[in-house]
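# A structural walkthrough
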Amino acid sequence: MSAPNNIYSGGGRRAGMSSIDFYRRVPKDLTEATSLGAFMSICAISVMGILFFSETWAFARSMMGTSIALDENDQPQIRLNFNITLMDLHCDFVSVDVWDTLGTNRQNVTKNIEKWQLDETGQRRIFSGRNREQREVVHEEHEETLAELHEDGEQAAELTPETFKGFLEEHEMAFIDMYAPWCIWCQRLHPTWEKFGEEVHKLGMPVGVGKVNCVVHAQLCKDEKVMAFPTLRWYKGGEAIMPDYKMDRTVAALTGYAKRKLEMEQKYKDWEAKNADNPDQHQRMRPNAGNSRPEHPGCQVSGHLMVNRVPGNFHIEAKSVNHNLNAAMTNLTHRVNHLSFGEPITKLQKHMENTPFMRKVKRVLKQVPEEHKQFAPMDERLYLTSKFHQAYHHYIKVVSTHLNMGSSRSVNDVNAIVVYQMLEQSQIVFYDEVNVPEARFSYDMSPMSVVVQKEGRKWYDYLTSLCAIIGGTFTTLGLIDATLYKVFKPKKL
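The angle between the axes and the distance between the axes are what describe a pair of packed helices. At a closest axis distance of 10 Å, the pairing of helix α2 (residues 35-60) and helix α10 (residues 459-488) adopts a crossing angle of 160 degrees. Considering their axes alone, α2 and α10 lie roughly antiparallel with respect to each other. The two elements α2 and α10 cross, and the hand of that crossing is right-handed. Where α2 approaches α10, its residues Leu 36, Gly 37, Met 40, Cys 43, Ala 44, Val 47, Met 48, Leu 51, Phe 52, Glu 55, Thr 56 and Phe 59 are matched on the opposing element by Trp 459, Tyr 462, Ser 465, Leu 466, Ile 469, Ile 470, Thr 473, Leu 477, Ile 480, Asp 481, Leu 484 and Tyr 485. Broken down by class, the residue content of the contact of α2 with α10 amounts to 18 nonpolar, four polar and two charged.

What follows concerns the state of the cysteines. Per the counting criterion, the structure on display carries two disulfides. Between the sulfur atoms of Cys 91 and its disulfide partner Cys 299 the distance amounts to 2.0 Å. Judged by the sign of its S-S torsion, about 100 degrees, the cystine formed by Cys 91 and Cys 299 is right-handed. Pair noted here: Cys 91 is in the loop between β2 (77-86) and β3 (94-100) and Cys 299 is in strand β13 (residues 298-308), with a separation of 208 residues, a long-range link. Residue class for Cys 91 comes out buried when judged on its relative accessible area of 3%. Each disulfide pairs two cysteine sulfurs, and for Cys 214 the partner residue is Cys 221, the sulfurs being separated by 1.9 Å. Looking along the S-S bond of the Cys 214-Cys 221 disulfide, the torsion reads about -80 degrees, which is the left-handed sense. Taken as a pair, Cys 214 and Cys 221 share a single burial class, namely buried. Sequence-ordered numbering of the bonded cysteines in the protein chain yields a pairing of 1-4, 2-3. Of the cysteine sulfurs around Cys 183, a residue in no disulfide, the closest is that of Cys 186, at 3.0 Å.

Within this model, the second largest pocket holds a volume of roughly 650 Å³. At the level of secondary structure, the elements contributing two or more residues to the lining of the second largest pocket comprise β1 (63-70), β2, β16 (334-341), α9 (356-365), β19 (416-430) and β20 (438-455). Per-element tally for the lining of the second largest pocket: the top contributor is β19, with five residues. Broken down by class, the residue content of the lining of the second largest pocket amounts to 16 nonpolar, ten polar and six charged.

Next up on the list: the nonpolar core. Core analysis: the largest hydrophobic core is formed by 40 residues, its most contacted members being Phe 82, Val 301, Leu 305, Phe 314, Leu 339, Phe 341 and Tyr 443. Every element with two or more residues in this core is listed here: β2, β3, β13, β14 (312-318), β16, β18 (390-404), β19 and β20. Residue contributions to this core peak at five residues, all from β2. Setting aside anything within four residues of it in sequence, one finds Leu 305 in contact with Ile 78, Arg 79, Leu 80, Phe 82, Val 96, Val 98, Val 109, Ile 113 and Phe 314. Among the nonpolar cores identified, the runner-up in size contains 19 residues, and Leu 159, Met 178, Cys 183 and Tyr 235 belong to it.

Residues Arg 359, Lys 362, Arg 363 and Lys 366 make up a contiguous surface patch of positive charge. Position of Lys 366 among the secondary structure elements: in the loop between α9 and β17 (381-383). Under the relative-accessibility criterion, Lys 366 is labelled exposed at 73%.

Another aspect to go through is the environment of Ile 417. Residue placement: Ile 417 occurs in strand β19. Along the chain, Ile 417 and Leu 365 lie 52 residues apart, while their C-alpha atoms are 9.3 Å from each other. When residues no more than four places from it in sequence are discounted, the contact partners of Ile 417 are Lys 360, Val 361, Val 364, Leu 365, Thr 401, His 402 and Leu 403.

What follows is about the pattern of salt bridges. This structure, assessed with the given rule, holds 13 salt bridges. Lys 202 is the salt-bridge partner of Glu 199, the closest N and O atoms lying 3.4 Å from each other. Separated by three residues within a single helix, Glu 199 and Lys 202 lie in helix α5 (residues 184-203), roughly one turn from each other. Here Arg 381 and Glu 424 are joined by a salt bridge, their closest N and O atoms 3.1 Å apart. Remark: Glu 424 occurs in strand β19 and Arg 381 occurs in strand β17; sequence separation between them is 43 residues. Exposure remark for Arg 381: the relative accessible area of 38% places this residue in the partly exposed category.

Let us look at α10. Taking 1.5 Å per residue as the helical rise, α10 with its 30 residues ought to reach 44 Å, and the 43 Å between its terminal C-alpha atoms agrees with that figure. Three or more residues of α10 are buried, namely Tyr 462, Ser 465, Leu 466, Ile 469, Thr 473 and Leu 477. Taken together, the buried residues of α10 touch α2.

Let's shift gears to the environment of Phe 52. Structurally, Phe 52 can be placed in helix α2. The exposure class assigned to Phe 52 is partly exposed, which follows from its relative accessible area of 37%. In this structure the C-alpha to C-alpha distance between Phe 52 and Ile 470, which are 418 residues apart in sequence, comes to 8.6 Å. The contact partners of Phe 52, leaving out residues within four places of it in the chain, are Tyr 462, Leu 466 and Ile 469.

The rules behind each value
- Here the residue numbers are simple positions, counted from 1 along each chain's written sequence.
- It should be noted that, the model being predicted, local features are given only for residues of pLDDT at least 70 and side-chain atom pairs only at 80 or more, the latter also being counted only at that level, while totals for whole chains, interfaces and linings use all residues.
- By convention in this description, side-chain values take in all heavy atoms of the structure and omit both hydrogens and water.
- Helix axes are fitted to C-alpha atoms over the stretch in contact, other axes to C-alpha atoms as well, and angles between N-to-C directions run from 0 to 180 degrees.
- Put simply, DSSP H or I for four residues or longer makes a helix, DSSP E for two residues or longer makes a strand, and each gets a number counted from the N terminus.
- Each angle receives one of four descriptions, namely roughly parallel if under 35 degrees, roughly antiparallel if over 145, roughly perpendicular if within 65 to 115, and oblique otherwise.
- Each helix crossing is assigned a hand: it is left-handed if the near helix lies turned anticlockwise from the far helix by less than a right angle, otherwise right-handed if that turn is clockwise.
- We call two residues in contact when some of their heavy atoms are within 4.5 Å.
- Each residue gets one of three labels, nonpolar for Ala, Val, Leu, Ile, Met, Phe, Trp, Tyr, Cys and Pro, charged for Asp, Glu, Lys and Arg, and polar for the others, Gly among them.
- Criterion for a disulfide: a pair of cysteine sulfur atoms within 2.5 Å.
- Burial classification: accessible surface area is computed with a 1.4 Å probe over protein chains only, and a residue below 20% of its type maximum counts as buried, one above 50% as exposed, and the rest as partly exposed.
- Using only the protein atoms, space was sampled on a 1 Å grid; points where a 1.4 Å probe fits but cannot get out form cavities, open sets with protein on both sides within 12 Å along at least five of seven lines form pockets, and lining residues are those with an atom within 4 Å of a point.
- Grid points are joined across faces, edges and corners, and a volume is the space filled by probe spheres set on the points.
- In this description, a nonpolar core means a group of buried Ala, Val, Leu, Ile, Met, Phe, Trp, Tyr and Cys residues linked to one another through side-chain atoms lying within 4.5 Å.
- Here a patch means residues that are over 30% exposed by relative accessible area and free of salt bridges, tied together within 9 Å if like-charged and within 5 Å if nonpolar (Val, Leu, Ile, Met, Phe, Trp, Tyr).
- The method behind every accessible area is Shrake-Rupley, applied with a 1.4 Å probe, and residues are considered shielded solely by the protein chains displayed.
- We define a salt bridge as a contact between a side-chain nitrogen of Lys or Arg and a carboxyl oxygen of Asp or Glu at a distance within 4 Å.
- In this tally Asp and Glu are treated as negative and Lys and Arg as positive; neither His nor the chain ends contributes.
- Charged groups are reduced to one reference atom each: NZ for lysine, CZ for arginine, CG for aspartic acid, CD for glutamic acid.
- By definition here, a helix of n residues has an expected span of 1.5 Å times n minus one.

Put into structure tokens, the structure is as follows:
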């Protein structure tokens, strides 16, 4: 008698295959449809649909992830960009110095640095040019000592607060040396200034030559805003004529300067008398007869430095090769217009905004959260010192940051750039009365770097999640359905 025909097997081979069937069929006649089952099926479809769209939305989006890694940058130097406004310091006395732990000690750095003299509103008024080496003025050596020159009387009058204004009222034109006895440049100038007074007296020039000891009469020099020694200042009608004299300190140079001032004044008086009958032309074509021009001691210094990737500092100091600075009048109040490390990516000039590099930077930065954009946290901050003998010191931690907004992990990817973030802390430092304050910016490079990159899900992870949603939902609701069916199933009598 032959074996019954089985639709799922065809001989021994097919019978062996069917024995490992995970998805065995149950005849429809043996199944039972219930209202509870229909309700659970609708719930299963709803849950699977919600989870499916949620998982698809999560897969389509990319999350921003951060990690810490050892900084592998092997460049020996890094670019430091700065733009700083000194509110009360003349450009002639601004010096940018660099120091680091490798022994670098560069004084008055001139390369890639510009200075602008500012007016009283803080606007750039005079371009002081590239920061260049200060010219050393010529001093004159004399055989006679100062005591020998004083044997026939002092031609340069020693002025005090009581006699200062009277001296200016007595002499319509006056040339005054404001000095400090400890100043080496003042000591070298003393014989020359006395000889200059003798020359003025001998030539009969209508110029009063005087001098003020700023150590003995410190308040007088503060009132006159003397920032450096010696200060050689011309007065006309009791008012100071700016800028101060800063040329050679020889009798011939000083005499020539005084003669030019007098000639300009005489020409002005002649012209004024000639045009007295025409007031409109008098006002319109009035020449400058050596009158004082607005002179505000503010300076904007900007540029960039190439510094070693080691702890160090750059500082802005008030000093001069021809003067000793008056520590009692040195005010280092400053505003940081911009300070950053690396290639500049903010506050660029218009011709630099459309370069290929900047287009790449803009494309990447659009995708970076704000908390990872601490490239220049000090920008537009004012650091005000309300008293003398104090200045702000800034401490900066520089952290290399790799921004990777593409799928590649290479820094050469079109969607990857390397920038530098900063952590900054500032505090006021107090100085001794004899020391000149400086605005110091100390920096330290972090050995670790921050990696900010997009973290998307892989396609196989997405498919695995979909299978888990379908299988898990079907199984879970199936178990719930079976349990509820047994509970609510009518019992047979």
